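Coordinate inspection notes
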Amino acid sequence: MSYVDEVYSMVVEKNPAQPEFHQAVKEVLESLRVVIEANEEAYRKDALLERIVTPERQLLFRVPWVDDNGQVHVNNAFRVQFNSAIGPYKGGLRLHPSVNLGIIKFLGFEQIFKNSLTGLPIGGGKGGSDFDPKGKSDREVMAFCQSFMTELNKYIGADTDVPAGDIGTGAREIGYMFGQYKRIRGVYEGVLTGKGLSYGGSLARTEATGYGLLYLTEEMLKCNGKDIKDKTVVISGSGNVAIYACQKAQQLGAKVVTVSDSTGWVYDPEGIDVALLKEVKEVKRARLTEYAAARKSAEYHEGKGVWTVKCDIALPCATQNELLLEDAKALVANGCFAVAEGANMPTTMDATEYLQQNGVLFCPGKAANAGGVATSALEMSQNSERLSWSFEEVDSKLKNIMVNIFHNLDDAAKKYGMEGNYVAGANIAGFLKVAEAMTAQGIV
Ligand code: NDP
Ligand code: 2IT
């Protein structure tokens, strides 16, 4: 059996019932085959692949908290410190009822390669809990966040592990967590990113993932003789990534005609009204039915459906495995020519292959959504030097980073004989830097 197949079998055997983790490992290892085969002897001897697929440390803990009626609840919480070869662990905290260890491991594993692609000194980690912030009062969210941080604070720090937002964790949650960390540890340091602007947050971090997605998409189109201007874009999700992807796409002259949430989706042929979307989602924390009710041109549909809308470009920005083979077929049939992932692993492997085989430009999340974590690393730099950069400065650094990421993966794909395969390019470019750092640091 080849080294890649051996390691993949080991992962499946040692990590039962973690399908998302298996899927993420499979996608990475498959596209590394040519690199691994060229270095097989050295990698095998050092068990490099076994080490890279095994987290350095996994923390599992309970989070008890009291609701507004005095009832106690208990949630499961996780922090997976996956790989620190190139910097302190860095990655978000997901708060969603679907969270389990396998999902956090898939996200942490992806984060290793994503963070490497940014070119900045950050290792890979991820955490979260099956707590659902939806429908909870601010007080209840605070109670959860404080209890969560009462345990997590022991394992994190500005130079060891720096968490941030993800699904369900936004500015409100980061604020409560930061306050509790500071209170318990007694240090004012950049231990979390995505902080508010009044206490050490970076300008443009809120916008960074969505804006970065569009900067990369624009570059990918440009290098393939296409332009984003006047194109029709479909977006899924209506959270942090989707909102700012929508805003930047419109600034670049495209028309975004859909957004979605976990209950339904909106089709707005006149183009999504971003100010209204922000009011509904960021201020009122309401459902998309409220967007449709306030906007004449919008239609609301229950369930799933954005991928059936005719478009040029599709940007999945909600969650994992939300774009399936049948969706890929619908996109191709409707003339879609580019897909870039704002979410982590939103496209299944068979859907990705179908898109690639049908000539669709496809950029995987670990490259396309790296602008969020890259800007988090810029927030860490600003915190360390106790300075704040202007919006324009951060935004221009973000744009440069995204353009560089695209060229790195494009070059890696070409170098290994897979021109245009940006999945392979991203995995190879991300992996090589981490592998080199791990090799240089010995068996740790
Ligand atoms: P938010 O919580 O702000 O928004 C998530 C959006 O996705 C909401 O519209 C939500 O709908 C929808 N969604 C979540 N889970 C599901 C589900 N199971 N089925 C259908 N819809 C769902 O999260 P973000 O925008 O921050 O994150 C979106 C994606 O982007 C995630 O994959 C995340 O890992 C990734 N990402 C985020 C980064 C960041 O900086 N925030 C950086 C890089 C990647 P509803 O409100 O109904 O739940
Ligand atoms: O998936 C991701 O890259 C994030 N949720 C952002 C992580 C971060 O540390 O900013």
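Quick caveat: nothing in here was measured; it's all calculated off a predicted structure. (Residues numbered from 1 in each chain as written. Chains lettered and ligands numbered in written order. Predicted model: local features only at pLDDT ≥ 70, side-chain atom pairs only at ≥ 80, totals over all residues. Heavy atoms only, no water.)

Pairing is mixed in the open sheet, where five strands are placed in the order E1-E2-E4-E3-E5. Looking at the sheet topology across the chains shown, the edges are occupied by strand E1 (57-66) and strand E5 (161-164). With direction set aside, neighbouring strand axes in the sheet form an average angle of 20°. Where E1 meets strand E2 (residues 72-83), ten bridges bridge the pair, whose relative direction is antiparallel. Each residue of the ladder has a partner; that of Leu 59, found in E2, is Arg 79. Contacts between helix H5 (residues 101-117) and the sheet are confined to E1, E2, strand E3 (89-95) and strand E4 (123-129), with E4 contributing the most and set at about 155° to the helix. (Pairing = 2+ DSSP bridges. Helix = DSSP H or I, 4+ residues; strand = E, 2+ residues; numbered from the N terminus. Axes fitted to C-alpha atoms, helices over the stretch in contact; angles between N-to-C directions. Contact = heavy atoms within 4.5 Å.)

The immediate surroundings of ligand 1 are formed by 25 residues, with Lys 134, Asp 166, Thr 209, Ser 262 and Arg 287 found nearest. Within the contact set of ligand 1, an oxygen atom lies 2.9 Å away from a backbone nitrogen or oxygen of Ser 238. A total of 880 Å² of accessible area belongs to ligand 1 in isolation, and the protein chains cover 83% of it. Class assignment for the residues of the shell around ligand 1 results in five nonpolar, 13 polar and seven charged. (Near = heavy atom within 4 Å. Polar contact = N/O pair within 3.5 Å; in protein donor to acceptor, adjacent residues only side chain to side chain. Areas by Shrake-Rupley, 256 points an atom, 1.4 Å probe, with all protein chains shown as cover. Nonpolar A, V, L, I, M, F, W, Y, C, P; charged D, E, K, R; others polar.)

Another aspect to go through is the packing of aromatic side chains. To describe a pair of aromatic rings, one takes the distance between the centres and the angle between the planes. Summed over the entire model, instances satisfying the criterion amount to 14 aromatic pairs. Consider the rings of Tyr 43 and Phe 431, whose centres lie 5.8 Å apart with planes at 85°: the pair is edge-to-face. Pair noted here: Tyr 43 is in helix H3 (residues 40-45) and Phe 431 is in helix H17 (residues 422-440), with a separation of 388 residues, a long-range link. As far as burial versus exposure is concerned, Tyr 43 and Phe 431 are alike and both buried. (Phe/Tyr/Trp six-rings, centres within 6.5 Å; stacked < 30°, edge-to-face > 60°. Buried < 20%, exposed > 50% of the residue type's maximum accessible area, 1.4 Å probe, protein only.)

Next up on the list: a nonpolar patch on the surface. Residues Val 66, Val 72 and Val 74 make up a contiguous nonpolar surface patch of roughly 250 Å² in combined accessible area. Here Val 72 is to be found in strand E2. (Patch = residues over 30% accessible without salt bridge, like charges linked within 9 Å, V, L, I, M, F, W, Y side chains within 5 Å. Salt bridge = Lys/Arg side-chain N within 4 Å of Asp/Glu carboxyl O.)

Of the two faces of E5, the one carrying Asp 161 and Pro 163 and the one carrying Val 162 and Ala 164 are both buried. Of the strand pairs in this sheet, E3 and E5 are connected by four bridges, and their pairing is parallel. Paired with Gly 92 across the bridge in E5 is Ala 164.

Within the structure shown, the criterion is met by zero disulfides. Unpaired in terms of disulfides, Cys 311 finds its nearest cysteine sulfur in Cys 336, a separation of 4.1 Å. (Disulfide = S-S within 2.5 Å.)

Take the pairing of strand E6 (residues 232-236) next. Counting buried positions over the five residues of E6 gives four, a clear majority of the element. Of the crossover connections in this fold, the one passing from E6 over helix H9 (residues 240-251) to the parallel strand E7 (residues 255-260) is right-handed. Pairing geometry for E6 and strand E10 (residues 313-316), over four bridges, is parallel. Of the residues in E10, the one forming a bridge with Ile 235 is Leu 315. (Right-handed = clockwise from strand over helix to strand, strands pointing away.)

Right, let's talk about the site of ligand 2 for a bit. Around ligand 2, a shell composed of 14 residues is seen, among which Lys 90, Lys 114, Asp 166, Arg 205 and Ser 376 lie nearest. In this structure, an oxygen atom belonging to ligand 2 sits 3.0 Å away from a side-chain N or O atom of Lys 126. Contacts to ligand 2 include Asp 166, whose side-chain N or O atom sits 2.9 Å from a nitrogen atom. Breaking the shell around ligand 2 down by element, the ones donating at least two residues are E3, H5 and helix H15 (370-385). Class assignment for the residues of the shell around ligand 2 results in two nonpolar, seven polar and five charged.

In space, the seven strands of this open sheet follow the order E9-E8-E7-E6-E10-E11-E12, with mixed pairing throughout. In the strand order of this sheet, the two ends are held by strand E9 (299-302) and strand E12 (361-363), each with one partner. Within this sheet the neighbouring strands show an average axis-to-axis angle of 15°, counted without direction. In the sheet, strand E8 (residues 264-267) pairs with E9 via four bridges, with the strands oriented antiparallel. Counterpart to Val 266 in the pairing with E9 is Tyr 300.

Treat this as a map of the structure, not an account of what it does.
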